[in-house]
Amino acid sequence: RTKQTWVVWLLWLFLGSVGGHRFYVGKTGSAITMLILSVVGWATTWLLIGFIPLVIVWIWDFIDLFLISGWLRADKEKTRVEVERDLQLRKNLHS
């Protein structure tokens, strides 16, 4: 149920600038924003304005480097709470 740490880091490394790691951890809205900024940035680099959204995405991606561990801890805690709740419900049904 929990997100795999190595998958998040690989997605960040190879697909970070298009929000791949954010899609995987469930941050879909910000992942779509990163994807759109990247596509617009690369599509308009020939106009030289494309570097503005690309720099924003690169900075954002760098900041995510420090946020990923917290996301994974929160995901593990959420999963732990859900499993405990499910076990308690099953225990209550059988007693």
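Below, the structure is looked at part by part. (Residues numbered from 1 in each chain as written. Predicted model: local features only at pLDDT ≥ 70, side-chain atom pairs only at ≥ 80, totals over all residues. Heavy atoms only, no water.)

A closer look at the pattern of salt bridges
Once the charged atoms of two side chains with opposite charge are near each other, the side chains can pair. According to the stated counting rule, one finds four salt bridges in the structure shown. Here glutamate 77 ties to arginine 80 by a salt bridge, and the two come within 2.5 Å at their closest N and O atoms. With glutamate 77 and arginine 80 both in helix α4 (residues 51-94) and three residues apart, this pair spans about one turn of that helix. Overall, glutamate 77 belongs to the partly exposed group, its relative accessible area being 39%. The class for arginine 80 is partly exposed, based on a relative accessible area of 39%. Across the salt bridge formed by arginine 85 and aspartate 86, the nearest N and O atoms sit 3.7 Å from each other. When its relative accessible area of 48% is taken as the criterion, arginine 85 is described as partly exposed. Because the salt bridges share partners, they merge into one network encompassing Glu77, Arg80 and Glu84. (Salt bridge = Lys/Arg side-chain N within 4 Å of Asp/Glu carboxyl O. Helix = DSSP H or I, 4+ residues; strand = E, 2+ residues; numbered from the N terminus. Buried < 20%, exposed > 50% of the residue type's maximum accessible area, 1.4 Å probe, protein only.)

With respect to the packing of aromatic side chains
A full pass over the atoms with the stated rule returns three aromatic pairs. When the centroid spacing of 5.3 Å and the interplanar angle of 80 degrees are considered together, the rings of phenylalanine 62 and phenylalanine 66 count as edge-to-face. Linking phenylalanine 62 with phenylalanine 66, this pair stays in helix α4, spanning four residues, or about one helical turn. Here lysine 3 stacks its cationic end above the ring of tyrosine 24, 5.6 Å away from the centre of that ring. (Phe/Tyr/Trp six-rings, centres within 6.5 Å; stacked < 30°, edge-to-face > 60°. Lys NZ or Arg CZ within 6 Å of the ring centre and 35° of its normal.)

Details of the layout of surface pockets
Approximately 150 Å³ is the volume found for the largest pocket. Taken together, Lys3, Val25, Lys27, Trp71, Ala74, Asp75, Lys78, Thr79 and Glu82 form the lining of the largest pocket. For the lining of the largest pocket, the element with the highest residue contribution is α4, accounting for six residues. (1 Å grid on protein atoms, 1.4 Å probe; cavity = no way out; pocket = protein on both sides within 12 Å on 5 of 7 lines; lining within 4 Å. Points joined across faces, edges and corners; volume = space filled by probe spheres on them.)

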